[in-house]
Amino acid sequence: MDLSIATPHALILVINCGSSSLKFALYSAARREPLLVGLAERLGAPESSIRFDLDGARSLVKLEGAAHAGALAALLEQLQKLGWLKNVCAVGHRVVHGGEHFTASALITPAIINDIEACCPLAPLHNPANLLGIRAMLEGMPNIPQVAVFDTAFHQTMPVAAYLYALPRRYQRELGVRRYGFHGTSHRYVAGEAERFLELDPADHGLVIAHLGNGCSATAVKNGASVDTTMGLTPLEGLVMGTRSGDVDFGALCYIAQHTGLDLAGLDSMLNKESGLLGLSELSNDCRTLEAAAAEGHQGAAEAIAVFTHRLARHIGGLAMSLSRLDAVVFTGGIGENSSLIRKLTIARLGVLGIDLDPVANDQMKGGKSGFVSRSRQPAAIVIPTDEEWMIACDTIALAEIITTTGLSTL
Ligand code: AMP
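All values derive from a computational prediction rather than experimental measurement.

Visitor: Even after reading the chapter, I still don't get the site of the ligand, so can you show me in this structure?
Guide: As a matter of local geometry, the ligand sits amid Gly213, Asn214, Asp286, Cys287, Arg288, Glu291, Gly333, Gly334, Ile335, Asn338 and Ser339. The backbone of Asn214 places a nitrogen or oxygen atom 2.9 Å from an oxygen atom of the ligand. A distance of 2.9 Å separates an oxygen atom of the ligand from a polar backbone atom of Gly334. Burial of the ligand by the surrounding chains reaches 72%, relative to a free accessible area of 510 Å². Of all the elements in the fold, those that place two or more residues in the shell around the ligand are α10 (287–295) and α12 (333–338).

Quick look at the structure:
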């Protein structure tokens, strides 16, 4: 069958490779709901497995210690069994760090692979895993166009004032030390949806988007472009997260190192894995667990939520100063979309921006709904569910279409 991306049977596979996990989603070019989603976990360990969610039914396949290539082979085998493999026309890959090189998604070629490789020192845990997925898929489906979609690309429009650290310039020149920002695919998707939802003038609007999940970041978006964001060289800076600290005085870290003997690797691990909501509450990194515990009087949980919302409101206020007008604060991600408590406590601090809570609308807003959670409309507070996988699929369709219409070959 001669299948082009433009035909209704064309399928797009979206792959998100982590260091020991692999998430995937299969889309039809004509439909936003994925046909098949799944997750391979504990890759490389004896208990590795891959699960498939299809039409509300879940199946699990043991991978017997296989790593990324084995998980992708199991995925392709499943697609073959379902009769869908022959219809896959393009593959989209999430890539965490695109450095200064990538300002947009890119069709994967050998040169692009080299460029992604060059960004590995900036994201040593993530980019090598992303490359494993890319290489395995190129081997498994060598004739299909593949696209890389970068977490950092959306933030490449940040002005120099927002992206430079006040460090000696040589570190930026020689090592690329600057603020890059992350969650760009989510911020870009949500910015577009918010612009449509609020019927904003594409050439004259301003948003602050709070992506609150296990990782959290907020971004100032001016006329569709990122102008400032809370994450930096790595996804550690900025807001309080599930297990990540966000902003901390480096002097405090020196003090901890001096008094505990923690070395750099120990500090890095403590800041990324033991801090945030987990470190503050000494209970959990999960917002739902903390809300339930706080309601029962757990002081650590209540204080973790208080620090989280204080820091968030403070950053939202700061980001608004990078805009020339503020139309809305937008909540998204697992916490932003579902936690009426986090939104309520945050919005309560945004009165100075002219935003006031609509308590009834806020309590009803969860489970993938979009809408207003403020009484104020200018500026407003709204919820827009994110959909990073669909955004990756859309970029993949757009770039793969270029190939089918021009006959260009990638590899
Ligand atoms: P994500 O990384 O976007 O999947 O978000 C994960 C976070 O969302 C976890 O902290 C969850 O506890 C939180 N979350 C999901 N549903 C709810 C809910 N109904 N209320 C509060 N937090 C939630």
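From this point on, the discussion continues.
Visitor: Honestly, the nonpolar core in this entry has me stumped. Any pointers?
Guide: When a protein is soluble and globular, its nonpolar side chains tend to lie buried together. Judged by nonpolar contacts, the single largest core of 41 residues is most densely connected at Val208, Leu212, Phe308, Leu312, Val329, Phe331 and Ile347. Looking at this core, the elements that each hand over two or more residues are β9 (206–212), β10 (216–222), α10, α11 (299–320), β12 (328–332), α13 (340–347) and β14 (380–383). The leading source of residues in this core is α11, at nine residues. The residues contacting Leu312, other than those within four sequence positions of it, are Ala210, Leu212, Leu239, Phe331 and Thr346. Membership of the second largest hydrophobic core comes to 28 residues, among which are Val149, Ala194, Ala380 and Met391.

Visitor: How should I be thinking about the sheet that holds strand β13 (residues 371–372) in this particular structure?
Guide: Consider a sheet: its strands pair through backbone hydrogen bonds, and that pairing is either parallel or antiparallel. As summarised here, the arrangement of the six strands in space is β11-β10-β9-β12-β14-β13, forming an open sheet in which the pairing is mixed. The outermost strands of the open sheet, each flanked by one partner alone, are β11 (225–229) and β13. Bridge count for β9 against β12 is five bridges, and the pairing is parallel. Residue Leu207 lies in a different strand from β12, and its bridge partner there is Ala328. Where helix α6 (residues 184–197) meets the sheet, it contacts β9, β10, β12, β13 and β14, and its direction lies at approximately 130° from that of β9. The strands that α11 touches are β9, β10, β11 and β12; relative to β9, the one it contacts most, it runs at about 155°.

Visitor: How should I be thinking about the environment of Ala90 in this particular structure?
Guide: Among the structural elements, Ala90 can be located in strand β6 (residues 88–95). In this structure Ala90 comes out as buried when scored by relative accessible area, which is 0%. Separated by 183 residues in the primary sequence, Ala90 and Lys273 have C-alpha atoms spaced 35 Å apart.

Calculation criteria
- Residues numbered from 1 in each chain as written.
- Predicted model: local features only at pLDDT ≥ 70, side-chain atom pairs only at ≥ 80, totals over all residues.
- Heavy atoms only, no water.
- Near = heavy atom within 4 Å.
- Polar contact = N/O pair within 3.5 Å; in protein donor to acceptor, adjacent residues only side chain to side chain.
- Areas by Shrake-Rupley, 256 points an atom, 1.4 Å probe, with all protein chains shown as cover.
- Helix = DSSP H or I, 4+ residues; strand = E, 2+ residues; numbered from the N terminus.
- Core = buried A, V, L, I, M, F, W, Y, C linked by side-chain atoms within 4.5 Å.
- Buried < 20%, exposed > 50% of the residue type's maximum accessible area, 1.4 Å probe, protein only.
- Contact = heavy atoms within 4.5 Å.
- Pairing = 2+ DSSP bridges.
- Axes fitted to C-alpha atoms, helices over the stretch in contact; angles between N-to-C directions.

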